[in-house]
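Take a look at the letters that make up each chain.
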Amino acid sequence: MTTKESEDLTIDELYNALNSNPAGLSSEETQLRFKKYGPNELIEKKVNPILKFLRYFWGPIPFMIEAAMILSAIVQHWPDFWIITLMLVMNGIVGFYQENKADNAIEKLKQRLSPTARVLRDGDWKQLPAREVVPGDIVRVRPGDVTPADLKLISGNYLSVDQSALTGESLPVDKKIGDISFQGSPVQMGEMEGLVINTGMNTYYGKTAKLVEEAVTKSHFEKIIMKIGNYLIALAITLAAVVLTAGIIRGYDILENIRFVLVLTVAAIPVALPAVLSVTMAVGAVALAKKGAIVSKLAAIEEMAGVDILCTDKTGTITQNKLSVGEIRPYGDFTENDVLRFGTMASKRGNNDAIDDAIIHRADSVPNLEIISEEDRLEFKPFDPVSKRTEGLFESSGGTRFKVSKGAPQVISGLSEEPKSVCEQINKDVLSFAKRGYRSLGVAKTDSSGTWQFVGLLALFDPPRDDSAETIASAQRMGINVKMVTGDHEAIGKEIASRVSLGQNMALPKDFENVPDEKAEPIVESVDGFAQVFPEHKYRIVSLLQQKNHIVGMTGDGVNDAPALRKADVGIAVEGSTDVAKSAADIVLTGVGISVIVDAIKNSRKIFQRMSNYSIYRIAESIRVILFIAASILVFQFYPVTPIMIVLLALLNDLPIITIAYDNVKYSKAPERWNSKMLLGMATYLGIIGVVASFGIFVIGDVIFHLSREVLQSFIYLKLSVAGHLTLLVARTRGPFWSVKPALPLISAILGTQLVATLITVYGFLLPAMGWGLALFVWGYALVWFLITDVLKTTFYKHGGLELIEEI
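Residues numbered from 1 in each chain as written. Predicted model: local features only at pLDDT ≥ 70, side-chain atom pairs only at ≥ 80, totals over all residues. Heavy atoms only, no water.

Draft legend 1. A look at the overall build of the protein. Looking only at helices and strands, the protein has 29 helices and 21 strands in total. Within the protein, the fraction of its 808 residues that count as buried is 54%. Across the protein, every contact between residues at least 6 apart in sequence was considered, and the portion connecting residues at least 24 apart equals 72%. Summed over all atoms, the accessible surface of the protein reaches about 35200 Å², with 57% contributed by carbon and sulfur. (Helix = DSSP H or I, 4+ residues; strand = E, 2+ residues; numbered from the N terminus. Buried < 20%, exposed > 50% of the residue type's maximum accessible area, 1.4 Å probe, protein only. Contact = heavy atoms within 4.5 Å. Areas by Shrake-Rupley, 256 points an atom, 1.4 Å probe, with all protein chains shown as cover.)

Draft legend 2. Up close: the sheet that holds strand 17 (residues 506-507). A sheet is described by the order of its strands in space; here eight strands give the open sequence 8-21-20-19-9-16-18-17, paired in mixed fashion. At either margin of the open sheet sits one strand with a lone partner, and together these are strand 8 (293-295) and strand 17. In this structure, strand 9 (residues 309-313) lies alongside strand 16 (residues 481-485), joined through five bridges in parallel fashion. The residue of strand 16 that forms the bridge with Leu 310 is Val 482. Sitting on the sheet, helix 23 (residues 594-636) touches strand 8, strand 9, strand 16, strand 19 (552-556), strand 20 (570-573) and strand 21 (587-589), and the angle it makes with strand 9 is about 155°. (Pairing = 2+ DSSP bridges. Axes fitted to C-alpha atoms, helices over the stretch in contact; angles between N-to-C directions.)

Draft legend 3. Spatial organisation of the packing of helix 13 (residues 336-345) against helix 14 (residues 354-364). Look at helix 13 against helix 14: their axes get within 9 Å of each other, and the N-to-C directions meet at 130°. By the angle between their axes, helix 13 is oblique relative to helix 14. Crossing geometry of helix 13 relative to helix 14 is assigned as left-handed. Across the interface between the two elements, Leu 340, Gly 343 and Thr 344 from helix 13 touch Ile 359, Ile 360, Arg 362 and Ala 363 from helix 14. A class-by-class count of the residues in the contact of helix 13 with helix 14 yields four nonpolar, two polar and one charged. (Parallel < 35°, antiparallel > 145°, perpendicular 65-115°, else oblique. Left-handed = near helix turned anticlockwise from the far one by under 90°. Nonpolar A, V, L, I, M, F, W, Y, C, P; charged D, E, K, R; others polar.)

Draft legend 4. Geometry of the pairing of strand 12 (residues 389-395). Of all seven residues making up strand 12, six are buried, and the element is well covered by its neighbours. Bridging between strand 11 (residues 379-381) and strand 12 involves three bridges; their strand directions are antiparallel. Within strand 12, the position partnered with Phe 380 by the bridge is Gly 392. Two strands pair when backbone bridges link them, and strand 12 and strand 13 (residues 401-407) are joined in this way by seven bridges, in the antiparallel orientation. Its bridge partner being in strand 13, Gly 392 is matched across the sheet by Val 404. Counting the residues between successive antiparallel strands, the hairpin from strand 12 to strand 13 contains five residues, one of them, Gly 399, with a positive phi of roughly 90°.

Draft legend 5. Layout of the pattern of salt bridges. A full pass over the atoms with the stated rule returns 29 salt bridges. A salt bridge links Glu 470 to Arg 477; the nearest nitrogen and oxygen atoms lie 3.0 Å apart. Overall, Glu 470 belongs to the partly exposed group, its relative accessible area being 48%. The partner of Arg 709 in a salt bridge is Asp 702, with the nearest N and O atoms 3.4 Å apart. On the accessibility criterion, Asp 702 (27% relative accessible area) is partly exposed. Members of the salt-bridge network, linked through shared partners, are Arg 140, Arg 142, Glu 191, Glu 193 and Lys 348. (Salt bridge = Lys/Arg side-chain N within 4 Å of Asp/Glu carboxyl O.)

Draft legend 6. Here's a closer look at unusual backbone geometry. One non-glycine residue with positive phi stands out, namely Gln 532, at about 55°. Tracing the backbone shows Gln 532 in the loop between strand 18 (529-530) and helix 20 (535-547). Unusually for a residue other than glycine, Gln 637 sits at a positive phi of about 50°. Tracing the backbone shows Gln 637 in the loop between helix 23 and helix 24 (643-654).

Draft legend 7. Quick look at the sheet that holds strand 11. The sheet built from six strands is open, its strands ordered 10-15-14-13-12-11 with antiparallel pairing. The open sheet is flanked by strand 10 (324-330) and strand 11, the only strands paired with a single partner. Strand after strand, the sheet turns through a mean of 20° between neighbouring axes, direction not considered. The sheet strands contacting helix 14 are strand 10, strand 13, strand 14 (438-446) and strand 15 (452-461), and the helix crosses strand 10 at an angle near 70°.

Draft legend 8. Region of interest: helix 17 (residues 468-477). Those residues of helix 17 not exposed but buried are Ser 468, Thr 471, Ile 472, Ser 474 and Ala 475. For helix 17, the angular spread of the buried residues around the axis is 155°, confining them to a single face. Those residues of helix 17 that are buried are in contact with helix 12 (314-318), strand 16 and helix 23. (Arc of directions from axis to C-beta.)

Draft legend 9. Geometry of the packing of helix 17 against helix 23. Relative to each other, helix 17 and helix 23 sit at 25°, their axes nearing to 9 Å. Viewed along their axes, helix 17 and helix 23 adopt a mutual orientation that is roughly parallel. Viewed along their axes, helix 17 and helix 23 form a crossing whose handedness is left-handed. Across the interface between the two elements, Ser 468, Thr 471, Ile 472, Ser 474 and Ala 475 of helix 17 pack against Ile 594, Ser 595, Val 598 and Lys 602 of helix 23. For the contact of helix 17 with helix 23, a count of residues per class yields four nonpolar, four polar and one charged.

The following block contains the structure:
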C-alpha cells in the first residue's frame, strides 16, 4: 500500500489498497500511518498540573490555614507567619507529589491491561497491542474480543456484538459483510475479519466518549474516610468553639484567640489521611503487580482483603491448562485416525485456543494423517458458549460438500440420530473418562446426504498444578472458603477436587437455577463446588452468596463471564482472559494458578493492615493533641503550646508518615473489613492514654521543675512530638510492639524527624531553648509511657476490648 500524506484515506481508498495487497500492511507502511494518525487510543482529559497543584490551596482546610497565616501577619508574629506559610506550601508540594506518584503507578498498571488485536502484517497474523492498529489494517475478531477500532467487515459468516455501551441497544447486534463493527463493542458470537477505517478519537466511540457517563458509587474505603473525617471535624470544631468562647469570656486578645483556634483545628483534622491511604494502596498495587495481579482500581485492594469465599475456575487455575489428548474412542466404522482427522478439521490454528491447540498438536504427531487444509475450508464457525461446539464446511476432492463439528458430547451426539444403545454407550464412556479426570469432546461429520454421524470421543486431560493442594489449604487457614467452579462433568469435578484436598459435595445448576432464593442460598453456601455450569450460572452463584453477606471473589476468562465478574465484590480475570473479561474485572492476573490469587489476597490484607494502622494512629494523635490543649486552657488557663508549635507538630509528624506504605506487617488469618466502631474506639482509647501522659509531664515541668512558661511550652512540645511517633509504633501491632519489626524507611523517618524536633528545642531555633538535660528527660518519660501504653493496648485486645466497643 502507498501512503497518502495530504489527506485522510477514505473507505473506498482503503478498499482499493486492500485489493492491491491482500497480505496486509508492511512494517514500513505501518510506521508511516502510525506517525500520521497517532496511537489507537482515546485521549483522556488530563487536569493541568498547575491547576492540580493549586487545588491544595483551595477548600475548607487550606482556607483555615491561610486565615491563620493572615492573622499572624496582622498581629506581626512573623516567625509564625513564615512557618505557617511553609506548612501550607509543603502540604501542597507533598500532596501534589504523592498524588502524581499514585496516579502514575496506576497509569502504568493500566497500560499493562491494554487490549490486544490479531492483525495481518507482512502476510502473517500477529498479536499486537490494540493501540498500534492503524487505518488500513486487517483485523480478525472472535468471541471474547473487544473490537479494537471501527471495522468495515470484509470476510466471515457473521458477528454478534454488544453495542449497549454505545447505542443503548440491550440485545446483541448481528453484523455481516459490509457492516461496521464499532470500537469498544465486545464480540459475543461469530468470527470475522475487518478493515480498520477509524482509530482513536476518530472512531464512533471516541466521538461519543464525552457523552458516556459512568455511575460512581462510594467504596468502603471512601466511606470510612468520610466517617473518620466527620468524627474528627466534629470533635475539633466543638472543642475549638469551647476554647474560643472561654478566651472571649476571659478577655484574651480576640485576634490571637482566633488565630490559635484556627491553627488548633487545622492540626486536629487529618488533612494527609486520604493522601497517605491512597499512596499506601498505590504502592501496594505496584507490589501486587510484581506478584502477577494487576488491579484496575485501587478500591479493589480493600475488597480483596475482605474476600471470604473464592469461587475459582478449575481449568487453568487449579489445573495446569496444558491439555493433551489422552485417549481416542471411535464409534461405528470410524477409526482413531478418523476421530483425530475430523476433530482437527473442526479446529483452527492461530486462535490461541487450548483445545484446538491440543488436538492439532496430537494430529501433527501422527504420520500420514490425511487432513484437508484450512485454506480449502469453505466456512468455519468458532466455538461459542451457547452452541458449545465448532463447525467447519469442506469440499472433498470429488466435489461433495460435508461438515465437521466438535464440542460437548451431549451436544454433538444430539446432532446425529444415533440408536438409543449408542447414546447410552456415549454417556457411559463420558462418565468413565470423567472418573479418571478426563474431559470428553465429541466429534461428528455429515455424510453425502447431509446427515450427521457421530465419529467418536477425544479424551482430554488437564492435571492439577503441583502447588494447588497446598495453596488451597493455605487459603482455608486464612478463613477463605474455596469453591471450585467448572463446566465439566460432575465426575471430573469430584476427581480433581479429591486431588487438591477440596470437598466433593458438588452442586449442579438444577440445584439452584430455578429455585427460590431462600432455598438456593443455603445450598450454594454449603457446597464445595459447582459442576456443569455455564458462565451465566456464575452470576446466580455470586448473587446468592452476596445475599448471605459474603464478600465474594469470582474468577473468569470468557465474554460470558463478564456479568459475574462485574457482580462479584472482586472479579478476577485469570491469565489469558479475553479483553471483555479483563475490562469487567477488578483484578487481572498475569501469572497462572490459584497460588497467584491467594498471594494477592495475602498482600491485600497486608495493605489493609497498613491503612488500618495509620488510621488508628492519626485519629489517636488528633484526639491526644486537641483534648490536652483544650483541657489545659479550660482548666489551667494556660496555653501549653504556641501556634507555631502546633504547626511544627503537624509538619514534622505528618510528612514522614508516608513511609508507612512500606512498613512490615503480618497478614491477618481472617478476612478484613472496615470496622468504624473498632477503629474509632481503639484510637480514642490510645488518645485518652496520651492525654493522661501529657498532663503528667505538664505537672512535672510546672510543679517539680518550676519551668518558666516559655520553656514549659517547649518541654511539652517535645513530649507531644516524640510521643506522637511512638504512638504509631504502638498502633501498628495488636501484640507487643516488637512482634513485627518496623521497616527501615519508617523507623528512619521517625528518628530523623524527632531528632529535628529535639534540636529545635535544645538550641532554641524558633522556640525557647531548654537544653539537653530536659530534652533527655522528655525522651525517657515518653519511652516509659510508650511501654505502658503498649501493655495497655495489648491487654485491651487480649481481654475483649473490641467486643466491648462493638456492644457500645
